[in-house]
Amino acid sequence: MTEPQAATDGERVFLRLGPPPEEPNQFVVDGAPQSYSPEVRARLEVDAKEIIGRYPNNRSALLPLLHLVQAEDSYLTPAGLEFCADQLGLTGAEVSAVASFYTMYRRRPTGEYLVGVCTNALCAIMGGDAIFETLVNHLGVRNDQTTPDGKITLQHIECNAACDYAPVVMVNWEFFDNQTPESARELVDSLQSGKPISPTRGAPLCAFRLTSRILAGLPDQRPDDGQGGAGAATLAGLKVAREHGMQAPPMPDVSGEGQ
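In this text the structure is predicted, and so the values were computed from the model without any measurement.

S.K.: Even after reading the chapter, I still don't get the pattern of salt bridges, so can you show me in this structure?
M.R.: Following the criterion strictly, the structure yields 12 salt bridges and no others. The salt bridge involving Glu112 is made with Lys151; its shortest N-O contact spans 3.2 Å. With Glu112 in the loop between α4 (92-99) and β3 (113-118) and Lys151 in the loop between β4 (145-146) and β5 (152-157), this pair connects stretches of sequence that are 39 residues apart.

Take a look at the structure:
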């Protein structure tokens with residue numbers, strides 16, 4: 001990818017386009033399976049049949065099938081992409097085009113816990129950048145790398161749609177709200193010790209591969225032990241509006257009946 005140049009007070013500025021330089025450009029990693037054994041394939045086909053049967057158009061099952069094969073390998077591999085293509089009658093290019101669009105599909109092996117630190121605007125301002133830097137130094141890994149014990153893959157991620165609880169850290173897509181560098185360090189220590197801290201809200205943590213199976217639409221047996229529903233920060237604006245008698249303006253008549 002070319003790198004456009006701009007001049008500012010005589011100084012050249014280089015803007016890198018495209019994916020992050022540390023992100024693999026293809027779904028090919030050393031050691032990745034190229035195909036599944038007959039036993040693995042037969043087991044996956046049972047789950048795939050259940051998933052595909054929910055959709056009137058087989059192609060609509062591609063996203064959950066990608067989660068299914070990610071549960072098998074902890075990331076998307078040539079074997080997984082080939083399996084999805086065969087199940088749905090698609091080409092490898094069609095499957096890869098979809099898989100490469102969504103950031104929840106991993107391109108390299110993932111640890112037991114995917115720890116994502118939001119570094120988008122609000123979380124960064126509230127301390128997300130400091131949290132990420134703390135975890136990099138504490139764990140000894142860079143972005144999208146896994147700790148030597150295979151427990152944690154660290155990743156900085158974009159908005160988690162939880163700005164009212166910024167800064168937010170997610171572990172296998174479960175929320176840990178209002179984090180600080182100290183609390184985030186305690187969190188990863190608990191993951192490595194095998195006694196994970198419970199999420200702020202939602203279901204208890206499970207391993208990344210099981211999370212992927214749940215995202216594929218397969219049964220989730222975990223109880224909801226978390227906060228549940230909208231919290232005080234989410235409802236603060238609504239509370240203020242009610243206290244001041246504020247209401248949204250009426251919807252305009254677009255039916256034409258008033259003419």
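S.K.: Even after reading the chapter, I still don't get the packing of helix α2 (residues 62-73) against helix α3 (residues 78-88), so can you show me in this structure?
M.R.: Each pair of packed helices gets described by two things: the angle between the helix axes and the distance between those axes. With their axes 9 Å apart at the nearest point, α2 and α3 run at an angle of 145° to one another. Viewed along their axes, α2 and α3 form a crossing whose handedness is right-handed. Contact residues: α2 offers Leu62, Leu65, Leu66, Leu68 and Val69, while α3 offers Gly80, Leu81, Phe83, Cys84, Gln87 and Leu88. Looking at the contact of α2 with α3 residue by residue, the classes come out as nine nonpolar, two polar and no charged.

S.K.: It is not clear to me how the packing of aromatic side chains should be interpreted in this structure. Could you clarify?
M.R.: To describe a pair of aromatic rings, one takes the distance between the centres and the angle between the planes. Evaluated as defined, the whole model comprises three aromatic pairs. A centroid spacing of 6.3 Å and a plane angle of 65° characterise the contact between Tyr36 and Phe83, whose relative ring orientation is edge-to-face. On the criterion of sequence distance, the pair formed by Tyr36 in the loop between β2 (11-14) and α1 (38-52) and Phe83 in helix α3 is long-range, its members being 47 residues apart. Given the relative accessible area of 0%, Phe83 is considered buried. Taking the centre distance of 5.0 Å and the plane angle of 80° together, the rings of Phe101 and Tyr102 count as edge-to-face. Classification of Phe101 by relative accessible area gives exposed; the value is 63%. Through pairs of rings, three or more aromatic residues link up here, namely Phe101, Tyr102 and Tyr105. It is Arg201 that lies over the ring of Phe175; its NZ or CZ is 4.1 Å from the centre.

S.K.: Whenever I open this one, empty space enclosed by the protein confuses me. Can you help?
M.R.: Vacant regions in the atomic arrangement are exposed by a probe of water-molecule size rolled over the atoms. Enumeration over the complete set of coordinates arrives at one cavity of 30 Å³ or more. If you add up the space inside the largest cavity, you get close to 30 Å³. Looking at the largest cavity, the residues that line it are Leu114, Gly116, Gln155, Ile157, Met170, Asn172 and Trp173. If you list the elements that add at least two residues to the lining of the largest cavity, you get β3 and β5.

S.K.: Before we go on, may I ask you to explain the environment of Asp30 in this structure?
M.R.: Note on placement: Asp30 falls in the loop between β2 and α1. Separated by 78 residues in sequence, Asp30 and Arg108 have C-alpha atoms that sit 9.5 Å apart.

S.K.: For this particular structure, what's the right way to read the nonpolar core?
M.R.: As a rule of thumb, nonpolar side chains are buried together in soluble globular proteins. Of all hydrophobic cores here, the largest spans 26 residues; its most connected members are Leu65, Leu66, Leu68, Leu76 and Val95. Sorting the residues of this core by element identifies α1, α2, α3 and α4 as the ones contributing at least two each. Tallying contributions element by element places α3 first for this core, with six residues. With residues up to four places along the chain from it excluded, the contact list for Val95 reads Leu62, Leu66, Leu81, Cys84, Ala85 and Leu90. In terms of nonpolar packing, the next biggest core, distinct from the first, is built from 18 residues, Val115, Val117, Ile131 and Leu187 among them.

S.K.: I tried to follow the UniProt feature "binding site: [2Fe-2S] cluster" (unreviewed entry) in the protein on my own but got confused; where do I start?
M.R.: Under the local residue numbering, the UniProt record ascribes the feature "binding site: [2Fe-2S] cluster" (unreviewed entry) to Cys118, Cys123, Cys159 and Cys163. Judged by maximum C-alpha separation, these annotated positions cover 46 residues in sequence but sit close together in space, the widest gap being only 9.6 Å. Turning to its location among the elements, Cys118 is positioned in strand β3. Since its relative accessible area comes to 3%, Cys118 is described here as buried. Once residues lying within four places of it in the same chain are set aside, the contact partners of Cys118 are Cys123, Ala124, Gly128, Ile157, Glu158, Cys159, Asn160 and Val168. Within the element layout of this structure, Cys163 appears in the loop between β5 and β6 (169-171). On the accessibility criterion, Cys163 (38% relative accessible area) is partly exposed.

S.K.: Sorry if this is basic, but what is going on with the pairing of β5 here?
M.R.: A regular strand places its side chains on the two faces of the sheet in alternate fashion. Across the six residues that make up β5, a large majority, five, are buried. Note: β3 against β5, six bridges, orientation parallel. Residue pairing in the sheet places Gly116 in a bridge with Gln155 of β5. Relative to β5, β4 runs antiparallel, the two being bridged by two bridges. Directly across from Gln145, in β5, lies its bridge partner Leu154. Between the antiparallel neighbours β4 and β5 lie five residues, among them Gly150 with a positive phi of about 75°.

What counts, and at which threshold
- Residues numbered from 1 in each chain as written.
- Predicted model: local features only at pLDDT ≥ 70, side-chain atom pairs only at ≥ 80, totals over all residues.
- Heavy atoms only, no water.
- Salt bridge = Lys/Arg side-chain N within 4 Å of Asp/Glu carboxyl O.
- Helix = DSSP H or I, 4+ residues; strand = E, 2+ residues; numbered from the N terminus.
- Axes fitted to C-alpha atoms, helices over the stretch in contact; angles between N-to-C directions.
- Left-handed = near helix turned anticlockwise from the far one by under 90°.
- Contact = heavy atoms within 4.5 Å.
- Nonpolar A, V, L, I, M, F, W, Y, C, P; charged D, E, K, R; others polar.
- Phe/Tyr/Trp six-rings, centres within 6.5 Å; stacked < 30°, edge-to-face > 60°.
- Buried < 20%, exposed > 50% of the residue type's maximum accessible area, 1.4 Å probe, protein only.
- Lys NZ or Arg CZ within 6 Å of the ring centre and 35° of its normal.
- 1 Å grid on protein atoms, 1.4 Å probe; cavity = no way out; pocket = protein on both sides within 12 Å on 5 of 7 lines; lining within 4 Å.
- Points joined across faces, edges and corners; volume = space filled by probe spheres on them.
- Core = buried A, V, L, I, M, F, W, Y, C linked by side-chain atoms within 4.5 Å.
- UniProt positions renumbered as here; feature names shortened; annotations may be inferred.
- Pairing = 2+ DSSP bridges.

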